[in-house]
Amino acid sequence: AEAHFARVGISAVHVMQDLTRPLNPRPRPMQTSQGELLLESSGLRVCGRRVSARGAALLGVALAALCGSLWLAAGHGALPAGPPAAGTSKPDVTAPGKDGVCSDRETCLSIVDAFLERQPRQSFMGGKGVGLMQTFGPDSFDGGPCGDKMCKLVEPCPNYEQTPHCRFDVYDNALAAIYLTRRGRLEEARSVLKSFLYLLYDDKGGLKLLAASYTDAPAKAGDYQGVGVADGAVDTGNNAWVGLAFTHFAAETGEACYARVARDILEALRHDVSCADDEMGGFAARGPPYPHNYRSTEHNIDVFSLSRALNSSADAESAATFVRSMWGHSKQAPDTYVTGTGDAAHCDATIPLAAAAADVQFWSLLADADPSAARKNASVTFALRNPGSARYKGGEGRIDGLWQIDEDLIGSPGGEGKGQELYGFRFTSWGNGIQWENTASAVMGLVHYQQKYQRDAPVAGLDEAISRARVSIRQLLQAYQAVPASVLGGNINAYIKNDHAADYPGGSDTGIGWTYLRYPHVAASTWAGLLLLYQDDDGAPVDDAANPFAPPRKPVPSKDKSDADDSCLPSGGGSGSKGGGGSPPPPSGGGGGGGDCSADGSGAAAEASGCGCG
């Protein structure tokens, strides 16, 4: 009842902002034959009679006042709001019971540690703890009470009924290795890196770039199809993330062999996908054996960070040039970086229509790939707009901004967290629902902006957004003992139905061809850990070493030292094969293949962070 009163109060406030706005507290998008987004508004009736807009507004104000009084009398304080406004109160992150948050930094981080430690691992490599971590699961957090057809989730992981194998994604594991390194859990980080070494170097010592995702079935270096491969795409960004993991570990431990692996990866990327001779520069998004020509902004942010950390200035400048060239090309969201280029020709320079992606805005900020304060101000300002409160005119309101508010209608298996309102960012401007991996990294980006730009280029509501989203992540850690990819219920059938107004819409829709469902998620949980290492509370010190895009705090072993050290490589490793592998025939099924992620075949237009990158 309290939640219902709160929604009525908020609706009344919105009505007063615009007396002509349709008086439906939950607008339902409808698709016309022309594809325009319209609203189905039933108006408002009181005692069976339709009331005017002005009368409804006055009635709404009266209801808001009454409900607000009841709410305050019950001791709940201010209602949650969004988007945040400067000067408003924020939740108390220090009270473990009151807001359902993990009580302090170490408690929160211990939850992340325990989650990663209990994740299922590939077992075919042998040895306790060696093998990549399972990306989603094990088991779901339940899709909700709307029946098996629309809400029952596949166990123990998505798509298990079709495969039947779970995914072990390269990006998630690279991120986990970076977190474990920064956390000081070096042997656990080493076990992940050993798993990568097994899949990177063939029996002749040649390096083969990694596929996007593997399964728990056996696979070896150079495998891009078959039962051991979940996604055979050799994505530039994924491999750059693995290079970053080796770089951070080498710097922290001083073990030069791990820096050698990072340099081998960068050399292979330069050999296979460099577009340095092009005016835009950068690197293509996908190499052999299933290459693609498009250039992804997010992938080039990753390569920029790896190249800078390894003092490869030419590669870093090439990637940064591309990232800067992607500013301001979107007709729908001109104050953003676009996701990338088309796919028709080698190092394609065309820029198709695309959604504005959260990771592109915030990862470019964290990486300092473009130092323009004006662009950062505009990008963050766009991201903090709430499309849920925008005026609906031909559907344009739904693509304006990335900030969202979700209500967890289900909660954890024990019921904790049910009914909580949570704050964060959707995946893209075409998407729906908070995606928690992007939210945790976005909060880090906002803190970085707060430290570097806010004084001279202030963004309204920045401090409140940081606080609300970070508290939401701590609430999720406490309730779920991990961070789920999404709190929105429903299964793949609900997602296909595409009813974002439903209580259980099928998870957090990226808007570009896939969704995130209610499963424990390695990337979301690991980014949450990195965020809390970076800054765990308002006003706390910022530890730049927790930023995975930043150069390591300790020096990376030199190239001379790393070239002379092959102690970490598999036996016989280290010949330095440049390419990513041969050219086997395209897969005929059963896993792998690296199919085009884009919704329309136009490359980065729909790829955003990449099917294999998140």
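Report follows, based on the coordinates. All of these numbers come straight from a predicted model, not from anything done at the bench.

Rules used throughout
Residues numbered from 1 in each chain as written. Predicted model: local features only at pLDDT ≥ 70, side-chain atom pairs only at ≥ 80, totals over all residues. Heavy atoms only, no water. Helix = DSSP H or I, 4+ residues; strand = E, 2+ residues; numbered from the N terminus. Buried < 20%, exposed > 50% of the residue type's maximum accessible area, 1.4 Å probe, protein only. Areas by Shrake-Rupley, 256 points an atom, 1.4 Å probe, with all protein chains shown as cover. Pairing = 2+ DSSP bridges. Contact = heavy atoms within 4.5 Å. Phe/Tyr/Trp six-rings, centres within 6.5 Å; stacked < 30°, edge-to-face > 60°. Lys NZ or Arg CZ within 6 Å of the ring centre and 35° of its normal. Disulfide = S-S within 2.5 Å. Expected span 1.5 Å × (residues − 1). Axes fitted to C-alpha atoms, helices over the stretch in contact; angles between N-to-C directions. Parallel < 35°, antiparallel > 145°, perpendicular 65-115°, else oblique. Left-handed = near helix turned anticlockwise from the far one by under 90°. Nonpolar A, V, L, I, M, F, W, Y, C, P; charged D, E, K, R; others polar. Salt bridge = Lys/Arg side-chain N within 4 Å of Asp/Glu carboxyl O. Core = buried A, V, L, I, M, F, W, Y, C linked by side-chain atoms within 4.5 Å. Polar contact = N/O pair within 3.5 Å; in protein donor to acceptor, adjacent residues only side chain to side chain.

## Focus on the overall build of the chain
1) Next: Counting its secondary structure elements, the chain contains 18 helices and 13 strands.
2) Next: Buried residues in the chain amount to 57% of all 614 residues.
3) Next: Carbon together with sulfur atoms contributes 52% to the accessible area of the chain, which is approximately 23400 Å² in total.

## Here we look at the pairing of strand β11 (residues 421-425)
Side chains on a regular strand alternate between the two faces of the sheet.
1) Next: Of all 5 residues in β11, 4 are buried, a share of seventy percent or more.
2) Next: Sheet topology note: the strand β10 (residues 403-407)/β11 ladder contains 5 bridges and is antiparallel. Across the sheet, the residue bridging to Trp403 is Phe425, located in β11.

## Description of helix α12 (residues 373-383)
1) Next: Turning to α12, its buried residues number three or more, namely Lys376, Asn377, Ala378, Ser379, Val380, Phe382 and Ala383.
2) Next: Taken together, the buried residues of α12 touch α11 (358-367), β10, β11, α13 (436-452) and α14 (462-480).

## Comments concerning the packing of aromatic side chains
1) Next: This model, assessed by the stated rule, comprises 20 aromatic pairs.
2) Next: By way of ring pairs, the aromatic residues Tyr171, Trp241, Trp363, Trp527 and Phe549 are connected into one cluster.
3) Next: Taking NZ or CZ as reference, Arg468 lies 5.8 Å from the ring centre of Tyr423, over its face.

## Examining the state of the cysteines
1) Next: Summed over all chains, the structure comprises 5 disulfides.
2) Next: Between the sulfur atoms of Cys102 and its disulfide partner Cys108 the distance amounts to 2.0 Å. Its S-S torsion of about 100° marks the bond between Cys102 and Cys108 as right-handed, since a negative value means left-handed. Comparing Cys102 with Cys108, the two get one shared label, buried.
3) Next: Across the chain, the way the bonded cysteines pair up, counted in sequence order, is 1-2, 3-4, 5-6, 7-10, 8-9.

## Digging into the sheet that holds strand β6 (residues 213-214)
1) Next: Across the sheet, which stays open at both edges, the 3 strands sit in the order β5-β6-β7 with antiparallel pairing between neighbours. Here the strands that pair on one side only, and so sit at the sheet edges, are β5 (168-169) and β7 (229-231).
2) Next: Relative to β6, β5 runs antiparallel, the two sharing 2 bridges. Its bridge partner being in β6, Phe168 is matched across the sheet by Tyr214.

## Concerning the side chain of Thr215
1) Next: Among the structural elements, Thr215 can be located in the loop between β6 and β7.
2) Next: Not counting the four nearest positions on each side in its chain, Thr215 is found in contact with Gln122, Phe124, His165, Cys166, Phe168, Val227, Gly228, Val229 and Ala230.

## Here's the deal with unusual backbone geometry
1) Next: With an omega of 5°, the peptide bond running from Gly137 to Pro138 counts as cis.
2) Next: Its location among the elements puts Pro138 in the loop between α3 (105-118) and α4 (148-151).
3) Next: Note the cis peptide between Thr163 and Pro164, where omega equals -15°.

## A short note on α14
1) Next: In this model α14 runs 27 Å from its N-terminal to its C-terminal C-alpha over 19 residues, within 8% of the 27 Å that 1.5 Å per residue would give.
2) Next: Burial analysis of α14 places 17 of its 19 residues in the buried class, which makes it a mostly covered element.

## Quick notes on the environment of Ala333
1) Next: Assignment of secondary structure puts Ala333 in the loop between α10 (313-325) and α11.
2) Next: Overall, Ala333 belongs to the buried group, its relative accessible area being 4%.
3) Next: Setting aside residues up to four positions removed in sequence, Ala333 forms contacts with Ala356 and Phe382.

## Describing the packing of α3 against helix α5 (residues 170-183)
1) Next: Where α3 meets α5, the axes come as close as 12 Å, and the angle between the chain directions of the two elements is 135°. Between α3 and α5, the angle falls in the class oblique. Considering the relative orientation of α3 and α5, their crossing is left-handed. Of α5, the residues touching α3 (which contributes Glu106, Leu109, Ser110, Val112, Asp113 and Leu116) are Ala176, Tyr179, Leu180 and Arg183.
2) Next: Grouping the amino acids of the contact of α3 with α5 by side-chain chemistry returns 6 nonpolar, 1 polar and 3 charged.

## Description of the environment of Pro413
1) Next: Mapping Pro413 onto the fold places it in the loop between β10 and β11.
2) Next: Measuring from C-alpha to C-alpha, the distance between Pro413 and Phe141 comes to 6.2 Å, with 272 residues separating the pair along the chain.

## With respect to the packing of α11 against α13
1) Next: Packing of α11 against α13 leaves a shortest axis separation of 8 Å and a crossing angle of 40°. As far as their axial angle goes, α13 and α11 are oblique. For the pair α11 and α13, the sense of crossing is left-handed. The segment α11 lies against α13, with Ala358, Asp359, Phe362, Trp363, Leu365 and Leu366 engaging Glu437, Asn438, Ser441, Ala442, Met444, Gly445, Leu446, His448 and Tyr449.
2) Next: Within the contact of α11 with α13, the residues separate by chemical class into 9 nonpolar, 4 polar and 2 charged.

## Focus on the pattern of salt bridges
1) Next: For the structure shown, the criterion picks out 24 salt bridges.
2) Next: A salt bridge links Glu317 to Arg324; the nearest nitrogen and oxygen atoms lie 2.8 Å apart.
3) Next: Looking at Glu317, the relative accessible area reads 43%, which means it is partly exposed.
4) Next: Of the charged contacts, one joins Asp400 and Arg385 as a salt bridge, the two residues approaching to 3.0 Å between their closest N and O atoms. With Asp400 in the loop between α12 and β10 and Arg385 in the loop between α12 and β10, this pair connects stretches of sequence that are 15 residues apart.
5) Next: On the basis of relative accessibility, which here comes to 26%, the residue Asp400 falls in the partly exposed class.
6) Next: Looking at Arg385, the relative accessible area reads 31%, which means it is partly exposed.
7) Next: A cluster of three or more residues bridged by salt bridges with shared partners is formed by Glu106, Asp113, Glu117, Arg183, Arg185 and Glu188.

## A look at the nonpolar core
1) Next: Membership of the largest hydrophobic core comes to 131 residues, with the highest contact counts inside it found for Phe196, Leu200, Trp241, Phe246 and Trp527.
2) Next: The residues touching Phe196, leaving out its near neighbours within four places in the chain, are Leu132, Val170, Asn173, Ala174, Leu210, Val242 and Phe246.
3) Next: Counting residues in each nonpolar core, the second largest holds 11 residues, with Phe136, Val154, Phe427 and Tyr516 among its members.

## What about the side chain of Thr297?
1) Next: Tracing the chain through its elements places Thr297 in helix α9 (residues 297-309).
2) Next: Residue Thr297 is classed as buried on the basis of its relative accessible area, which comes to 0%.
3) Next: A distance of 2.7 Å separates a polar atom in the side chain of Thr297 from the backbone oxygen of Val338.
4) Next: Setting aside residues up to four positions removed in sequence, Thr297 forms contacts with Phe322, Val323, Met326, Val338, Thr339, Gly340 and Val360.

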